[in-house]
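The lines below spell out each chain.
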Amino acid sequence: MKAATIHFEVISSVLDQYLKNNRYSTLFFLVDEMTHFHCLPLLLADLDHLDAYEILEIESGEEHKTIETVKNLWLALTELGADRDTLVINLGGGVLTDMGGFMASTFKRGVKFINIPTTLLSMVDASAGGKNGVDLEGMKNMVGTFTQPEMVLIDPKFLKTLDPRQVKSGLAEMLKHGLIYDRDHWDNLVQLLQHDAESLAPFIMDSIFIKQAVVDLDPYEKGKRKILNFGHTIGHAIESESLETDFPLLHGEAIVIGMLIEAFLSHQKNLLPTEDLVEVCEGFESIYALSAIDLKLFPNLMGWMKHDKKNTGSAINFSLIDQIGQCQFNIACTENEIKEAFENYNEWIG
Ligand SMILES: NC(=O)c1ccc[n+]([C@@H]2O[C@H](COP(=O)([O-])OP(=O)(O)OC[C@H]3O[C@@H](n4cnc5c(N)ncnc54)[C@H](O)[C@@H]3O)[C@@H](O)[C@H]2O)c1
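Attention in this report is confined to the structure presented alongside it. Along each chain, numbering runs from 1 in the same order as the chain's sequence is written. Reporting of local features is limited, given that this is a predicted model, to residues whose pLDDT is at least 70; pairs of side-chain atoms are given and counted only at 80 or more, and all residues count toward the totals for whole chains, interfaces and linings. The side-chain numbers reported here are obtained from all heavy atoms of the structure, hydrogens and water having been left aside.

Disulfide: a covalent bond connecting the sulfur atoms of a pair of cysteines. By disulfide we mean two sulfur atoms from cysteines, separated by a distance within 2.5 Å. All chains considered together, the criterion is met by zero disulfides. Left unpaired, Cys 281 is separated from the closest cysteine sulfur, that of Cys 327, by 16 Å. Summary of the burial criterion: residues with accessible area below 20% of their type's maximum are buried, those above 50% are exposed, and those between are partly exposed, where the area comes from a 1.4 Å probe applied to protein chains only. For Cys 281, a relative accessible area of 4% corresponds to the buried category. Lacking any disulfide linkage, Cys 333 is separated from the closest cysteine sulfur, that of Cys 327, by 12 Å. A relative accessible area of 6% places Cys 333 in the buried class.

What follows is the structure in structure tokens.
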């Protein structure tokens, strides 16, 4: 699977050329209510080679990342005459690009799609790499495909309207890229005085290069690509559990806690030295408001973890860091070891 080309900043001219040079029967923009309002006008204003198009709007939010939403989209495509030469342009955050990619890669056995990410998280992570899909009864990304978009068009101008809480959520995946692959990237991000969209924009490409480098080595996640899941085994469980409450965490917020607990686990497994663990803890603490995890939830969280796609047989497999900037994968951990990591995290939080 060849990685999609990523274009940065001058995206309208690239898209314009693509629309001019490529044949497609019908064109669909997939948006949610936020990207319809904030982002679509910005994009359309600069396109000269745009003929007829349709807009498909979905409701934003992880709770809508379901097969029901995709089914409604498949029906809408059918009613609006989409065929195998249809082109779909996904304009939105990671929920939308994950779902839009899945919708397009399965409709009539696959139509072409372009991702235009509009959140920091989708720019640095979700929109590239070819993974897409939906959640199943709260279980994260259980159904999906590996299909590359035609291209990914990234323009930080979209971030101007993004909620600061969402910016910090996206930063979580950037910090992950540093922790698993490049200490300098981690240092650069942690040392910033402000963690707003403007300050983070110069580091977006560094994160994208890391993600692409890892995906290129192992597009179908048979081995090395699993390092991108650092923080996600526990983070996804926390996210799934929180989605059942009235105050759900954002994806990146859950992944921050997941990375911290998995850093403690890395230390317990004699991988991560104490000085690096301290640096990881202090780095996250300087950026995020953190709180303890209620251990009464631990059985539920284990339940979610048992569905993790990296597991083989009964072992829960983790990707764990052995220093800042380096990660190992397929590290099997027992329930007791995982519980101890939660306890160590809670003790550190105090
Ligand atoms: N496929 C992958 O490799 C991969 C990697 C990481 C994360 N993910 C997935 O990404 C999802 C999280 O993505 P996310 O954090 O982008 O969340 P999101 O897609 O829910 O977007 C967050 C919110 O921001 C709004 N929004 C989007 N762009 C905006 C803009 N420019 N201005 C104002 N509001 C805007 C959206 O409407 C939404 O309300 C999760 O489902 C996660 O599983 C996928």
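So, about the nonpolar core. Ranked by internal contacts, the top residues of the largest apolar core, which has 94 residues, are Leu 15, Ile 116, Phe 284, Met 305 and Ile 338. In terms of residue count, helix 12 (residues 251–268) provides more of this core than any other element does, ten residues in total. Residue ranges labeled as domains rest on an automatic or database domain assignment. Here this core spans two domains, and each of domain 1 (5–161) and domain 2 (168–195 + 218–349) adds at least three residues to it. The set of buried Ala, Val, Leu, Ile, Met, Phe, Trp, Tyr and Cys residues whose side-chain atoms join them within 4.5 Å is what this entry labels a nonpolar core. Counting 18 residues, the second largest nonpolar core, distinct from the first, contains Leu 73, Phe 102, Met 103 and Phe 107. Put simply, DSSP H or I for four residues or longer makes a helix, DSSP E for two residues or longer makes a strand, and each gets a number counted from the N terminus.

Turning our eyes to something else, we now look at the pattern of salt bridges. A carboxyl oxygen of Asp or Glu within 4 Å of a side-chain nitrogen of Lys or Arg is what we treat as a salt bridge. Enumeration according to the criterion identifies 17 salt bridges in this entry. In this structure, Glu 279 and Arg 183 form a salt bridge, with 3.0 Å as the shortest nitrogen-oxygen distance. Of this pair, Glu 279 sits in helix 13 (residues 274–285) while Arg 183 sits in helix 8 (residues 183–190), placing them 96 residues apart in sequence. On the basis of relative accessibility, which here comes to 29%, the residue Arg 183 falls in the partly exposed class. Salt-bridge contacts for Glu 337 lead to Lys 269; the nearest nitrogen and oxygen are separated by 3.1 Å. Here Lys 269 lies in the loop between helix 12 and helix 13 and Glu 337 lies in helix 15 (residues 335–349), a separation of 68 residues in the sequence. Look at Glu 337 and you get partly exposed, because its relative accessible area is 22%. In this structure Lys 269 comes out as partly exposed when scored by relative accessible area, which is 25%.

Before going further, it helps to spend a moment on a nonpolar patch on the surface. Together, Met 1, Phe 146 and Tyr 220 make up an exposed nonpolar region whose accessible area comes to about 250 Å². Tracing the sequence through the fold places Tyr 220 in the loop between helix 10 (204–217) and helix 11 (232–242). Residue Tyr 220 is classed as partly exposed on the basis of its relative accessible area of 39%. Here, patches come from residues exposed beyond 30% relative accessible area and free of salt bridges, joined within 9 Å for like charges and within 5 Å for nonpolar side chains (Val, Leu, Ile, Met, Phe, Trp, Tyr). To be clear on the numbers: accessible area is Shrake-Rupley with a 1.4 Å probe, and residue cover counts the displayed protein chains and nothing else.

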